[in-house]
Amino acid sequence: MIEFSHVYKTYPGPVHALKNIDLRIDKGEFVFLTGPSGAGKTTLFRMISAFDHVTSGQLVVANQELTQISSADVPAFRRRIGVVFQDFKLLKNLTVFQNVALPLKVLGEKEQNIRRRVPDFLEKVGLSHKSDQYPESLSGGEQQRTAIARALIHQPGVLIADEPTGNLDPRLSEEIMDLLEKVCAQGTTVFVATHDHEMVKRRNKRTVSIRAGELEGGR
Ligand SMILES: Nc1ncnc2c1ncn2[C@@H]1O[C@H](COP(=O)(O)OP(=O)(O)OP(=O)(O)O)[C@@H](O)[C@H]1O
Ligand SMILES: [Mg+2]
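An account of the accompanying structure is given in this report.

Basis of the calculations
- The numbering scheme is per chain: residues are counted from 1 as the chain's sequence reads.
- Here the convention is simple: chains get letters from A, ligands get numbers from 1, in the order in which they are written.
- Given that this is a predicted model, residues contribute local features only at a pLDDT of at least 70 and side-chain atom pairs are listed and counted only at 80 or more, while totals for whole chains, interfaces and linings are drawn from all residues.
- Between N-to-C directions, angles cover 0 to 180 degrees, with each direction set by a line fitted to C-alpha atoms, over the stretch in contact for helices.
- Helix and strand assignments come from DSSP, with helices taken as H or I runs of at least 4 residues and strands as E runs of at least 2, each series counted from the N terminus.
- Angle categories are assigned with fixed cut-offs, so that under 35 degrees is roughly parallel, over 145 is roughly antiparallel, 65 to 115 is roughly perpendicular, and the rest are oblique.
- Left-handed describes a crossing whose near helix is turned anticlockwise from the far helix by less than a right angle; the clockwise case is right-handed.
- By definition, residue pairs are in contact when their C-beta atoms, positioned from the backbone, come within 7 Å.
- A molecule or strand has a residue near it when that residue's C-beta atom, placed from backbone coordinates, lies within 6 Å of it.
- Any residue outside Ala, Val, Leu, Ile, Met, Phe, Trp, Tyr, Cys, Pro, Asp, Glu, Lys and Arg is labelled polar, Gly included; the first ten of those are nonpolar and the last four are charged.
- What makes two strands pair is DSSP finding at least two bridges between them.
- To estimate how far a helix should reach, multiply one less than its number of residues by 1.5 Å.
- Field definition: a residue is buried when 20 or more other C-beta atoms are found within 10 Å of its C-beta, exposed when 12 or fewer are, and partly exposed for counts in between, with C-beta atoms placed from the backbone.
- The directions from the helix axis to the C-beta atoms form the arc being described.

Now for the packing of helix H3 (residues 96–106) against helix H5 (residues 140–152). In the contact formed by H3 and H5, the axes pass within 7 Å of each other and the chain directions differ by 25 degrees. In terms of orientation, H3 and H5 fall into the roughly parallel class. Along this stretch, H3 crosses H5, giving a crossing that reads as right-handed. In contact with Val-96, Asn-99, Val-100, Leu-102 and Pro-103 of H3, H5 contributes Thr-146, Ala-149 and Arg-150.

Written out as structure tokens, the structure reads:
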């Protein structure tokens, strides 16, 4: 569950990036976030993933109050969410398997468990046959599916994706959206920012829009 109550975010300048955001996304919901460039979509996601603090108001994500979370508590919180970016952010010198295994390694998971879990997730995203390849030999869609497997391997309750299809052609975009819907159907809360209005229309999901830091059609 994600709940914003009267959230403001002001960057030095001052830039009022978020203004009085009220938004509640229930567990297991699928929600799109749309809005023009500079509207505040990435800022909203940075708040949800505790990359940065809100300036005022209250934010609760996956039962964690984030308003005043201490940096010591951030790593434990991050284990409960998954994040996907427009530019995939895969590590070039690691194989698909190693990229997906990385969050488990960071958590100190046993090798034995890693060798069991990673193939399961690669199968889920249809990439079992690419396990030993490096990212540069994959298509954009395959790279993004690797990034999604990596975001899900530690079984977070919430997945946020910031323009996950921004660098993909229409066919690969549909493939990624199908995968995100599947992830949601299995119980994960999914929140996706996108510029692709046609796709949003076709998918017929709850959609919230942000414009100049203010939400339209919120709660
Ligand atoms: N670290 C920062 N310091 C100062 N201003 C910032 C910072 N990050 C973002 N902003 C400003 O906050 C506003 C919202 O930016 P944000 O990146 O959230 O927009 P966005 O909706 O994600 O845009 P895009 O669709 O282009 O990705 C913009 O005016 C931006 O210039
Ligand atoms: Mg952005």
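Next, the rest of the story.
What surrounds ligand 1 is the set Tyr-11, Gly-13, Val-15, Ala-17, Gly-35, Ser-37, Gly-38, Ala-39, Gly-40, Lys-41, Thr-42 and Thr-43. Looking at the shell around ligand 1, the elements that each hand over two or more residues are strand E2 (15–25) and helix H1 (41–48). In terms of residues, the shell around ligand 1 owes the most to one element, H1, which gives three residues. Its residues placed into classes, the shell around ligand 1 shows four nonpolar, seven polar and one charged.

Let us now look at the sheet that holds strand E6 (residues 81–85). Pairing within the open sheet is mixed, and its six strands lie in the order E6-E7-E8-E3-E9-E10. Among the strands making up the open sheet, the edge pair consists of E6 and strand E10 (214–216). Each neighbouring strand pair of the sheet contributes to a mean axis angle of 20 degrees, computed without reference to strand direction. Relative to strand E9 (residues 206–211), strand E3 (residues 30–34) runs parallel, the two sharing four bridges.

This brings us to helix H6 (residues 170–185). When the terminal C-alpha atoms of H6 are compared, their 22 Å separation across 16 residues agrees well with the 22 Å that a helix rising 1.5 Å per residue should span. Those residues of H6 not exposed but buried are Ser-173, Ile-176, Met-177, Leu-179, Leu-180 and Val-183. Along the axis of H6, the buried residues cluster in a sector spanning 160 degrees; they form a single face. Exposed side of H6, more than 90 degrees from the buried face: Pro-170, Arg-171, Asp-178 and Ala-185 are the residues found there. Tucked inside the fold, the buried residues of H6 contact H5, strand E7 (158–162), strand E8 (189–193) and helix H7 (197–203). Of the residues flanking the end of H6, it is Gly-187, one or two places downstream, whose phi is positive at about 110 degrees.

Nothing here speaks to function; it is all geometry.
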